[in-house]
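Reading the structure
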Amino acid sequence: MKINNILDIIRDLNDQSEKMIILKYENIMVYIFSFSTLFLGSIANFLGMYFIFKQDIKVTLINSLFLLGFSLLFKIFSTIVSNENFKSYIFTFLLCCVLVFTVVRFYYFIGPTVWTISLILVMISMVRIKKSMLTIMSLTIFLLGSYVWYLSYPFSMGAIYYVAQNVSFAILFIITAAIHKINTNRYYCIKKQFQKNKEMTFLYKETKSSEKRIKHIAYHDHLTGLPNRLYLSEQLNHSIFLSSRMKKMLAIMFLDLDNFKIINTTMGHDIGDQLLVEVSKRLVTTLRKCDTVARIGGDEFVILINYIYDIDYINVISEKVIKCFNEPFKFNNREYFVTTSLGVAIYPTDGETAEVLIKNADIAMYQAKEKGKNKYEFYSPVVKDSVKY
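As the structure is a computational prediction, the values presented were derived from the model and not from experiment.

The next thing to look at is the environment of Phe-331. Mapped onto the elements of the fold, Phe-331 is located in strand β4 (residues 329–331). Judged by its relative accessible area of 7%, Phe-331 is buried. With 60 residues separating them in the primary sequence, Phe-331 and Ile-271 have C-alpha atoms 9.1 Å apart. Setting aside chain neighbours within four positions, we find Phe-331 in contact with Ile-271, Gln-274, Leu-275, Glu-278 and Tyr-336.

Okay, here's the thing in structure tokens:
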């Protein structure tokens, strides 16, 4: 059987008193050793007494069944009794009963040396160090000692035997108290270390959580939650590197809301901010998960489209973005109609760096505005010369 780790007990019972924590740990130890010893003892008694020493089958069975019954009682009370203090008294009472049974039933077979068996059971109870329990155990042993002395008279063991016996048990209980003190101190040391580790773990988690929050603030727009210019720049550089190795195209779409300044002026900045949030949500749901939507300032958004195989696909995505503004934006029980102008720059034909691609997509967007807005335009050198900022 596996002995529970004391740290598990601390975790389970850290809201209870220190004594109850130690008591639960002691009860577990007593149960494990007592149940195992008595269960194996019942089997060993039957095999040894009947097959080796040829003892009467009825007497052998009774002794083995009693030992088995005691082991099952430890199991039952360990399971059904939840109060650790009450459970501790039950275990002490059961250990006393086992001592009495061992001396009474086995004395006539092995004589005064029956104490050797009893000594094993007493050692099992070494963790029972409450004063009341020591009193009970000591009283039981004293009475049994007197009983053994009475029965052992024909053996003529001599007074020195009984004096040595009582001194041995006195020493045993002194050692028991010392062991309990050592175990208690060990528990407090482990608990102190556990609390220290717990505090260190908490500080580590807090630090990691703070780092994540700081990183999120640094790389995301505070209003919409979308990636910002810094995030876009790093992501675009990474995508350019992958596209150059995979021989694929990528597209940058520079998007600007048409007449957004009028909305801000007439409706107020709160409505304008709410509109930007709703636009962000619609763009994200319109595009693929592998694409990036970033807000780089005001009403300007940049879309990064990865893994492009042909120009027709860019046309499809551009049309999809323009059409997603056909439906009005609804909030505060009102509908707001907004359109957008879109400029597209393609890697590697329209630029091989993040800065150049964003700049050329911006130029193409202005060309779309000059042509009437609510449409998209591809960048070309001709567009660059004709655009008026």
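All right, on to the packing of helix α8 (residues 229–246) against helix α12 (residues 354–370) then. Packing of α8 against α12 leaves a shortest axis separation of 9 Å and a crossing angle of 110°. Put simply, α8 runs roughly perpendicular to α12. On α12, the residues that touch Leu-232, Ser-233, Leu-236, Asn-237 and Ile-240 of α8 are Ala-354, Leu-357 and Ile-358. Split into classes, the residues belonging to the contact of α8 with α12 amount to six nonpolar, two polar and no charged.

With that settled, consider the pairing of strand β1 (residues 249–257). Judged by how many residues are buried, β1 sits mostly within the fold: nine of nine residues are covered. Residues Met-249, Ala-251, Met-253, Leu-255 and Leu-257 line one face of β1 and the alternating positions Leu-250, Ile-252, Phe-254 and Asp-256 line the opposite face, and both faces are buried. Across seven bridges, the pairing between β1 and strand β3 (residues 300–308) is antiparallel. Its bridge partner lying in β3, Ala-251 is registered against Ile-305. As judged from the eight bridges shared by β1 and strand β6 (residues 340–347), these two strands associate in the antiparallel manner. Across the sheet, Ala-251 pairs through a bridge with Ile-346, a residue of β6.

What follows is about the pattern of salt bridges. Counted by the stated rule, this structure contains eight salt bridges. Its salt-bridge partner being Lys-369, residue Asp-256 comes within 3.0 Å of it at the nearest N-O pair. In this pair, Asp-256 sits in strand β1 while Lys-369 sits in helix α12, placing the two residues 113 residues apart along the sequence. What makes Asp-256 buried here is its relative accessible area of 9%.

Attention now moves to the nonpolar core. Counting residues in hydrophobic clusters, the biggest one holds 33 residues, and the most contacted among them are Leu-255, Leu-283, Ile-303, Val-321 and Phe-325. Mapped by element, the contributors of at least two residues to this core are β1, α9 (260–267), α10 (269–286), β3, α11 (311–323), β4 and β6. The residues contacting Leu-283, other than those within four sequence positions of it, are Leu-255, Val-293, Phe-301, Ile-303, Val-321, Cys-324 and Phe-325. Core analysis: the next-biggest nonpolar cluster, separate from the first, contains 27 residues, Val-30, Leu-67, Phe-74 and Met-137 among them.

Attention shifts here to the packing of α9 against α10. For the pair α9 and α10, the least separation of the axes is 6 Å and the interaxial angle reads 135°. As summarised for this structure, α9 and α10 are arranged oblique, according to the angle between their axes. Of the residues in α10, those touching α9 at Phe-260, Ile-263, Asn-264 and Met-267 are His-269, Ile-271, Gly-272, Leu-275 and Leu-276. Considering only residue class, the contact of α9 with α10 consists of six nonpolar, three polar and no charged.

Turning next to the pairing of β6. Among the eight residues of β6, eight are classified as buried, and the element is accordingly described as predominantly covered. The sheet contact formed by β6 and strand β7 (residues 376–378) spans three bridges and is parallel. The residue bridging Leu-342 from the neighbouring strand is Tyr-376, located in β7. Regarding topology, α12 serves as the crossover connection from β6 to the parallel β7, and that connection is left-handed.

Averaged over the protein, the pLDDT score is 80; the fraction of residues at 70 or greater is 75%. This stretch, residues 1–16, has a pLDDT under 50; its non-local contacts, to residues over four places away or in other chains, come to 29 contacts.

Taken in spatial order, the five strands make up an open sheet running β2-β3-β1-β6-β7, and their pairing is mixed. Strands with a single pairing partner mark the edges of an open sheet, and in this sheet they are β2 (292–297) and β7. Across the sheet, the mean angle separating the axes of adjacent strands is 20° when strand polarity is ignored. Across the sheet, α8 lies against β1, β2, β3 and β6, angled at about 20° from β3, the strand it touches most.

Right, let's get into α11. Relative to the 18 Å expected for 13 residues at 1.5 Å per residue, α11 spans 19 Å between its end C-alpha atoms, a close match to the ideal helical length. All buried positions along α11 are accounted for by Ile-314, Ile-317, Ser-318, Val-321 and Ile-322. The arc that holds the buried residues of α11, viewed along the axis, is 135°, so those residues lie on one side. Turned more than 90 degrees away from the buried face of α11 sit Asp-312, Val-316 and Lys-323, all of them exposed. Against the buried residues of α11 lie β1, α10, β3, β6 and β7. N-cap assignment for α11: the residue whose side-chain oxygen lies 3.2 Å from the backbone N of Asp-312 is Asp-310.

In this section: the side chain of Ser-64. Position of Ser-64 among the secondary structure elements: in helix α3 (residues 57–80). Excluding its chain neighbours within four sequence positions, the residues that come into contact with Ser-64 are Ser-42, Asn-45 and Phe-46.

Before going further, it helps to spend a moment on a nonpolar patch on the surface. A cluster of nonpolar side chains, contributed by Phe-39, Leu-40, Ile-43, Leu-47, Tyr-50, Phe-51, Ile-52, Phe-53, Ile-57, Leu-61 and Leu-65, occupies part of the molecular surface with about 1100 Å² of accessible area. Within the residue set of the nonpolar patch, elements represented by two or more residues are α2 (18–52) and α3. Of the residues forming the nonpolar patch, the biggest block, seven residues, is contributed by α2. Tracing the chain through its elements places Leu-61 in helix α3.

Thresholds, definitions, all that
Residues numbered from 1 in each chain as written. Predicted model: local features only at pLDDT ≥ 70, side-chain atom pairs only at ≥ 80, totals over all residues. Heavy atoms only, no water. Helix = DSSP H or I, 4+ residues; strand = E, 2+ residues; numbered from the N terminus. Buried < 20%, exposed > 50% of the residue type's maximum accessible area, 1.4 Å probe, protein only. Contact = heavy atoms within 4.5 Å. Axes fitted to C-alpha atoms, helices over the stretch in contact; angles between N-to-C directions. Parallel < 35°, antiparallel > 145°, perpendicular 65-115°, else oblique. Nonpolar A, V, L, I, M, F, W, Y, C, P; charged D, E, K, R; others polar. Pairing = 2+ DSSP bridges. Salt bridge = Lys/Arg side-chain N within 4 Å of Asp/Glu carboxyl O. Core = buried A, V, L, I, M, F, W, Y, C linked by side-chain atoms within 4.5 Å. Right-handed = clockwise from strand over helix to strand, strands pointing away. pLDDT = per-residue confidence, 0-100. Expected span 1.5 Å × (residues − 1). Arc of directions from axis to C-beta. Polar contact = N/O pair within 3.5 Å; in protein donor to acceptor, adjacent residues only side chain to side chain. Patch = residues over 30% accessible without salt bridge, like charges linked within 9 Å, V, L, I, M, F, W, Y side chains within 5 Å. Areas by Shrake-Rupley, 256 points an atom, 1.4 Å probe, with all protein chains shown as cover.

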